[in-house]
Structure formats: C-alpha cells, structure tokens
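Letter by letter, the chains look like this.
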Amino acid sequence: MPEFQRPRGTRDFGPAEMAKRRYVEAKMRETARLFGFGEVMTPTFESTELFVARSGEGIIEELYAFEDKGNRKISLRPELTASVMRFYVNEMQNLPKPVKIFYFGNCFRYERPQAGRYREFFQLGAELIGAPSIESDAEVIALALATLKNLGLEDVVVRIGHLGVLNKFIDEFGVKKDTQIEIRRMIDKQDFESLNTLPDGATANKDVNDRLIKLIRLKGGAETIQKARELMDGGDPSLDYLADLLDRLNAYGFDNCQVDFGVARGLDYYTGMVFEIDAPSLGAEKQICGGGAYTLADLFGGQEVNSTGYAFGFDRIMLALEKSGVDVPSQNLEIYILPICDEAKIAAIKILSELRNAGISADMDLMSRNMSKAMKYANSVGAGKVIIIGEKELAEKSVTVRDMKTGEQARVLISELNDYL
RNA sequence: GCCCGGGUAGUGUAGCCUGGUAACAUAUGGGACUGUGGAUCCUCUGUGCCGGGUUCAAAUCCCGGUCCGGGCCCCA
C-alpha cells in the first residue's frame, strides 16, 4: 500500500497519455493561431475577491481558498476568464482593438469528482475584446467550431441562444432583479415546474408564462427563429440578430448550428448571444464548451467594453475524442539502436548522437540485452526502425537497418546512413 | 452535501453469496536459445484500500472512513 495517495479528484498523466494531450493542445493552439488569436498566461492563484466579483459570494464554497503568510486572501483559480479579464484591465486596455487572446491552463474547484469532472482540470478558452459587432460573435463561435473540426471531433451539438429574447419575456413579468436572475436560472435548468409557479406573483400573467415555456423548448435550425417570431408577436431584434449570425456561420462553412432559446448561462454579465457545445457521447457531464457575449471589464474596474469568449473543458474533449474513436497519435520513437557486442557501443553512440542532432528521435539499448529481448522492447516502444551493429557490421563500417513495420532489412554503410533514413 | 455500485500483485481478472493454505493471465526484472531475432522455454520479485468489530479463524460477514465509477445538487 503506497504511503501517499493522490489528492481526491486529481490525476497523474503518464508518457503515453501526455503525448496525446500535448498533441491535442498543439492542434487547438494552432487553430487559434490561424484565427489570429495570441496566447496569454496568468497566475495559477489570484486574490479571492477577483472570483467573488465575477461569480458572487456563493462561489467561495467551491474554491480552494486560503490565506497566505501575509494574510492575503488567495484562491487557486476556478476558471480562467476572470484572470484574463483582470489582466486585460490591468495592462491591455490600450492595445489596438480588437484584442484577440486565448489561454490554456489548469483550474481548481472543490467539488465532488464525477465522470468528466475533476478537482484539477484544464481549460482552453478564447476572448475577443473590444469589437461589439455580430462579426465578432461569429468569429468566436467559428474558432470554437474550427478547433473541434481540426481535432476530428464531429459528434457535437452546437446550441446558440440570445438573452435578449429571454429578457423581453422576463421584463413582462415585471419582477425585481433578483427574481429575474432566478428565472434565468430556471430557464438554464429547464425547470418547467418552477417556471409555472413563479415567485413574486409573476404567475398572474399565465399567457406570457406559457409562451415563455414554449419558447425555451424551441430548438433547431433557422426555421426555429420563425416559430419564435410567432410566439413573440411578430419578433424581436435579437431574433433578427440570431438569423444574421447563422448566415455568417454558414459563410464560415458551419451549417450545423442549432438555435436553442433555452441556453441562458448562469451569470448575469452575459449581454446577448450565448452558446454551448455538447458532446452527447459523454453522458451527464457532456458540455464541452460554453460562452457568449459579455461585459466584464467594468466589473473589474476597467472601462466597459464588449467582449465575446468561451472556454473548452479540455479534459472532456480528451474523453470525447476517445469515445468517438478519433485517432490521436501518440509520439513514437523513430530509431532504436542495438549494439550487440561491446565493441559496437562506441559506434552506436556516435550514430545515436548524429541522428539526434539531425532532429530524429533515437534511443539505444542501455541494458545490454540479448537480441530477442531488445527487439521486443523496440517493438513495445513503437520504434519505427532498429539499427543493429555487431562485429560483421563493424568490420565493413556498416549497420543493419530493420524496418519494424515491414520486417525488411538492409545493410547500409555508416557514411550513407543519413541519406538512407 | 445526497443516493447507488465497486476497491484482490504494475495491469486485467477468479475466489466473497455459503468464513478455513489467496489463484490465473499478462507485464516488469533475471536466464536459456550464443546474428535474423518481435517467438518459445525457465525463473525471481510482487497482492486483500485503511481502521475497528464479530469469530478459534475474515479477502469473504458487520460498522466507520477513504478513493474510484454511475447519477443527483451544483456547474462561474
């Protein structure tokens, strides 16, 4: 029994899994780069107040919060958006607009671990700041979709909503702000029962209520917007906005987006478009991405600025890739060198170094194993080719190169080895 | 915070119901076959999540904890 166990909800990643994770990370970074987003990094911990300012007092329960030796109230970050916007307010407000940034990092939440939910997890997100246009919203959603597409993750559902639609209904209830937030929460949870018996006497308007419930059940393509118009006495500017947004996403080449008026998101700094992406294969914790248009900089003491952003749950993407059978290459060794007599070892090291200097991943037998076991080892680490050096090869300054996939072998002069490979 | 199911060599499993010598496969280490080999053969090492209870005796039954998994709550 090991003396020390990993803390609950954390994970160790071995070489094989890390190779896959790095591969996926690289793909996602590359897509962001193609879209003109630049990477930023912020501290792993921040003042607790920052997260409270973004998400409310209730969040402290789920934070890894502590006091440091200077009695500062500190928390491990539970998400990255707050840090990135804090960074923006501190140092990036005067950059030319729009500011397009993305980030990747570990986050911490004190929650009950579950499938696809850990206490230390990884997020990759992007923010487009300072361009309050429908094109910015489209650009950000397009980046999220392109990222998934480049990873080969096809089995996803994209749902786009608009808070303007919901707010119009909520205004009609004529309730206080707290109640509005509560209602939005019910909508987010699709809690129809509570919606039928709204607090503050809002149930008085049964007709509005019925139409709201019908509305948030609407889900589908562009035709859904027309149905919504009927429920909203001819329409609303936010419906036109969604229609235009779908046109733009089509132009990007994404025609699989659904409109879903039930997407509400829990927070009240979202201002307009909101979207979520699910991977249905994942079960209860199937949401792999959430985002929308928001203003947050002013909450952190900066100038009010319109932004659009999202965050991917990186771990869930890894799970979804695995469940969907998407092939994620793990790094393999290109060359394994096997000196089979003592005299060959110096020659082996020389070749090893030359290969490495030429940028070819190479390894050699360090255990003086017999050929059978050495071949078995080379096979198990996925070596592409094995170079065998023994007395015969030494005598004629050559090596034997064996292709581990085809089984073909060739005797090659050491001086010609680079060209041969 | 709540409900359910689990935890047996590194890994995957059997045994648990009905208490009595912990088993199998595979992997790792070592060895043989002494340069055409990824095979085969031999061999060492290594195991009951933790704590308590019942019992002559607990992997097995009971209680508590812990971790993992499925779900609820929550999900910024």
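Quick summary incoming for the structure in this document. (Residues numbered from 1 in each chain as written. Chains lettered and ligands numbered in written order. Predicted model: local features only at pLDDT ≥ 70, side-chain atom pairs only at ≥ 80, totals over all residues. Heavy atoms only, no water.)

Within chain A, the secondary structure is distributed over 15 helices and 17 strands. Taking 2.2 N^0.38 as the reference for a compact globule, 421 residues should give roughly 22 Å; the C-alpha atoms of chain A span a radius of gyration of 28 Å, well beyond that estimate. Its C-alpha atoms give chain A principal-axis dimensions of roughly 95 × 55 × 50 Å. The buried share of chain A, taken over its 421 residues, is 49%. (Helix = DSSP H or I, 4+ residues; strand = E, 2+ residues; numbered from the N terminus. Rg over C-alpha atoms; globule rule 2.2 N^0.38 Å. Buried < 20%, exposed > 50% of the residue type's maximum accessible area, 1.4 Å probe, protein only.)

Here the focus is the packing of aromatic side chains. Within this structure, the stated rule accounts for 10 aromatic pairs. Arranged with centres 6.0 Å apart and planes meeting at 20°, the rings of F104 and F122 form a pair that is stacked. Placement of F104 in strand β5 (residues 99-108) and of F122 in strand β6 (residues 120-129) is noted, with a sequence separation of 18 residues between them. Seen in terms of ring centroids, Y270 and Y294 are 6.4 Å apart; in terms of plane orientation they differ by 80°. Their pairing is edge-to-face. (Phe/Tyr/Trp six-rings, centres within 6.5 Å; stacked < 30°, edge-to-face > 60°.)

Let's shift gears to the protein's contact with RNA strand B. Neighbouring RNA strand B are 42 residues, the closest being R54, I59, M371, N379 and Q409. For RNA strand B, the backbone makes up 41% of the atoms found within 4 Å of the protein, where backbone means sugar plus phosphate. Here a phosphate oxygen of RNA strand B and a backbone polar atom of G9 are 2.9 Å apart. Q114 is positioned such that a nitrogen or oxygen atom in its side chain is 3.4 Å from a base nitrogen of RNA strand B. When residues of the surface near RNA strand B are traced back to their parent elements, those giving at least two are α2 (48-55), α6 (177-189), α13 (371-380), α14 (391-395) and β16 (398-403). For the surface near RNA strand B, the element with the most residues is α13, which contributes six residues. Of the residues assigned to the surface near RNA strand B, the class counts are 13 nonpolar, 11 polar and 18 charged. (Near = heavy atom within 4 Å. Polar contact = N/O pair within 3.5 Å; in protein donor to acceptor, adjacent residues only side chain to side chain. Nonpolar A, V, L, I, M, F, W, Y, C, P; charged D, E, K, R; others polar.)

Contact geometry of helix α1 (residues 15-34) with helix α11 (residues 314-323) gives a least axis separation of 11 Å together with a crossing angle of 110°. As summarised for this structure, α1 and α11 are arranged roughly perpendicular, according to the angle between their axes. Residues K20, R21, V24, E25 and M28 of α1 pack against F314, D315, I317, M318 and L321 of α11. Classifying every residue of the contact of α1 with α11 gives six nonpolar, no polar and four charged. (Axes fitted to C-alpha atoms, helices over the stretch in contact; angles between N-to-C directions. Parallel < 35°, antiparallel > 145°, perpendicular 65-115°, else oblique. Contact = heavy atoms within 4.5 Å.)

What follows covers helix α8 (residues 206-217). Given a rise of 1.5 Å per residue, 12 residues ought to cover 16 Å, and the 17 Å separating the end C-alpha atoms of α8 matches this to within 8%. At its buried positions, α8 is contacted by α5 (163-173), α6, α7 (192-196), α9 (223-231) and β9 (257-260). (Expected span 1.5 Å × (residues − 1).)

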